[in-house]
Every structure is written in C-alpha cells, then in structure tokens.
Amino acid sequence: MSTDASAPEEDTVMSTIEKKITSELKPVKLEVIPAYGDPNGSHVTINVVSQAFEGKRAVQRQQMVYKVIWEEMQGAIHAVDQMKCQTPAEAGM
Amino acid sequence: TEDQAPAQIRSIIDRYPIVLFMKGTRQAPQCGFSDATVALLDQLQVDYECIDCLDEERNPGLREAIKVFSEWPTIPQLYVGSEFIGGADICRDMAEAGELQDVIEK
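All values derive from a computational prediction rather than experimental measurement. (Residues numbered from 1 in each chain as written. Chains lettered and ligands numbered in written order. Predicted model: local features only at pLDDT ≥ 70, side-chain atom pairs only at ≥ 80, totals over all residues. Heavy atoms only, no water.)

Participant: Honestly, the overall build of chain B in this entry has me stumped. Any pointers?
Facilitator: Along chain B, the regular secondary structure elements total five helices and four strands. Listing every helix and strand of chain B by position from the N terminus yields α-β-α-β-α-β-β-α-α. Here the C-alpha radius of gyration of chain B, 13 Å, is about what a compact globule of 106 residues would show, namely 13 Å. When the backbone C-alpha atoms are referred to their principal axes, chain B occupies close to 40 × 25 × 20 Å. (Helix = DSSP H or I, 4+ residues; strand = E, 2+ residues; numbered from the N terminus. Rg over C-alpha atoms; globule rule 2.2 N^0.38 Å.)

Participant: Would you mind showing me how to read the sheet that holds strand β2 (residues 49–52) of chain B here?
Facilitator: Working definition: the strands of a sheet are paired by backbone hydrogen bonds and lie parallel or antiparallel to each other. Residues and elements named next belong to chain B. One open sheet holds the four strands; their spatial order is β2-β1-β3-β4, and the pairing between them is mixed. Unpaired on one side and paired on the other, β2 and β4 (83–86) mark the two borders of the sheet. Ignoring which end each strand starts from, the neighbouring axes of this sheet average 25 degrees apart. Direction of pairing for strand β1 (residues 18–22) relative to β2: parallel, over a ladder of four bridges. (Pairing = 2+ DSSP bridges. Axes fitted to C-alpha atoms, helices over the stretch in contact; angles between N-to-C directions.)

Participant: Can you help me understand unusual backbone geometry in this one?
Facilitator: Trans is the prevailing form of peptide bonds, just as negative phi is the prevailing case for residues other than glycine. All names here are of chain B. Between Ile 75 and the following residue, Pro 76, the backbone shows a cis peptide bond with an omega angle of 25 degrees. By the element assignment, Pro 76 lies in the loop between α3 (62–70) and β3 (77–80). The residue Glu 71 is not glycine, and still its phi comes out positive at about 55 degrees. Accessibility expressed as a relative area gives 35% for Glu 71, which makes it partly exposed. (Buried < 20%, exposed > 50% of the residue type's maximum accessible area, 1.4 Å probe, protein only.)

Participant: Is there a simple way to think about the side chain of Gln63(A) in this case?
Facilitator: Residue placement: Gln63(A) occurs in helix α2 (residues 58–68). Under the relative-accessibility criterion, Gln63(A) is labelled buried at 17%. When neighbours within four sequence positions are excluded, Gln63(A) is seen to be in contact with Ser70(B), Glu71(B), Trp72(B) and Phe84(B). (Contact = heavy atoms within 4.5 Å.)

Participant: Please clarify how the UniProt feature "binding site: [2Fe-2S] cluster" (unreviewed entry) in chain B should be interpreted in this entry.
Facilitator: All names here are of chain B. Following the UniProt record, one finds the feature "binding site: [2Fe-2S] cluster" (unreviewed entry) at Cys 31. For Cys 31, the position within the fold is in the loop between β1 and α2 (32–44). Setting aside residues up to four positions removed in sequence, Cys 31 forms contacts with Lys 23 and Ile 75. (UniProt positions renumbered as here; feature names shortened; annotations may be inferred.)

Participant: Got a minute to help me understand the state of the cysteines in this structure?
Facilitator: Summed over the entire model, instances satisfying the criterion amount to zero disulfides over all chains. Here Cys85(A) stays unpaired: no disulfide links it, and the sulfur of Cys91(B), its closest cysteine neighbor, is 16 Å away. A relative accessible area of 11% means that Cys85(A) is categorised as buried. (Disulfide = S-S within 2.5 Å.)

Take a look at the structure:
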C-alpha cells in the first residue's frame, strides 16, 4: 500500500475506502486519490493492483471494488473519476 | 414495490437484446455520462431500448433497484443479451477497442 508524506487522518472518507479495499482485496499496491486533495471529498480516483483480479474482466473487477465500498458509494462518494484494476502481472510487478 | 423490482428488471433485460438504463431519455439525456453512452450506441447503429431511471412515474424505485441488481453504484448501465456490460467508461473503452461491437454481434 502506497502512502505519501501527508497520510490521511483517521476516519476520513478516503482512509475508510483505503482500509476496506486493503482488508478485502489484499492489494499489493493501492492508490486512493481524492479529487482536489479533499480527504472527505465526493470524487475519487482508485487504482488497485491485486491478485484477486486474476481471470476477471474489467467490469467484474470494478464490481469487486464497488462491492467493498458500497456504503461510501451510497453517500459520501458521488463519482469515481477513474478506477484502474490490475493484476500484479499486468502492473509489471 | 421493492420485492418486485428485481423481477421487473429481469424481464426488461430479457425482453430487449440491448438495453440502456440511463438518466433521462434517448432524445433528452439528463447527464453527461448517459448522453455519451447514447451517442456511442447511436454510432454503432444498433437497435436499443432506453429506460429512464429518473422517471419515478413510469419506473418507480428503479434508480436504486438497478444499482443493487447490477452491483453497480452508478447510472448509466448497459445490458447486452441479458448480461451487464458496464457503465459509461467501460462502454467507451470497449467501443474504442472494438469489443463492444463484438459483444453486440454475438
């Protein structure tokens, strides 16, 4: 999981999303990037690299991620600007 | 009612070979993503049905029910051959790669 110098505070929307995806999909790399740098913002970019995506089409992979963050999608998050779901092999890892 | 929604959605996706659950109508889309997906399907020159998820009179509760049914939290949603294909981004990517045309032809 990649974190930058200013790690998100506990209980922000972004940190909740990160925790859930980490726990459920066990990514080797994860980026949850809020639009406009707002950790409680309503738009987000999510890039996940996980072995769990092996053998699954793009739509199925995104469904897996959406399932994990369903609650956030019903409320806090209005749109996922970009979602990239790769296996470690596809990500060159 | 809530219980009937999945059955109603099932009957829609089984009845129409290509069906787009969208915001607004084909002639008057109500959001940019729905508009883009309509344009995409128009370019492919195929027959497709549009279901307006904002029309609470004709399709009460559909806006939420379709999200649960597809396990997909946003609209528009494209179904081809009773199978969920994806939202606006996935449809665009697939169209660019020629994959959407392949799926429709099957």
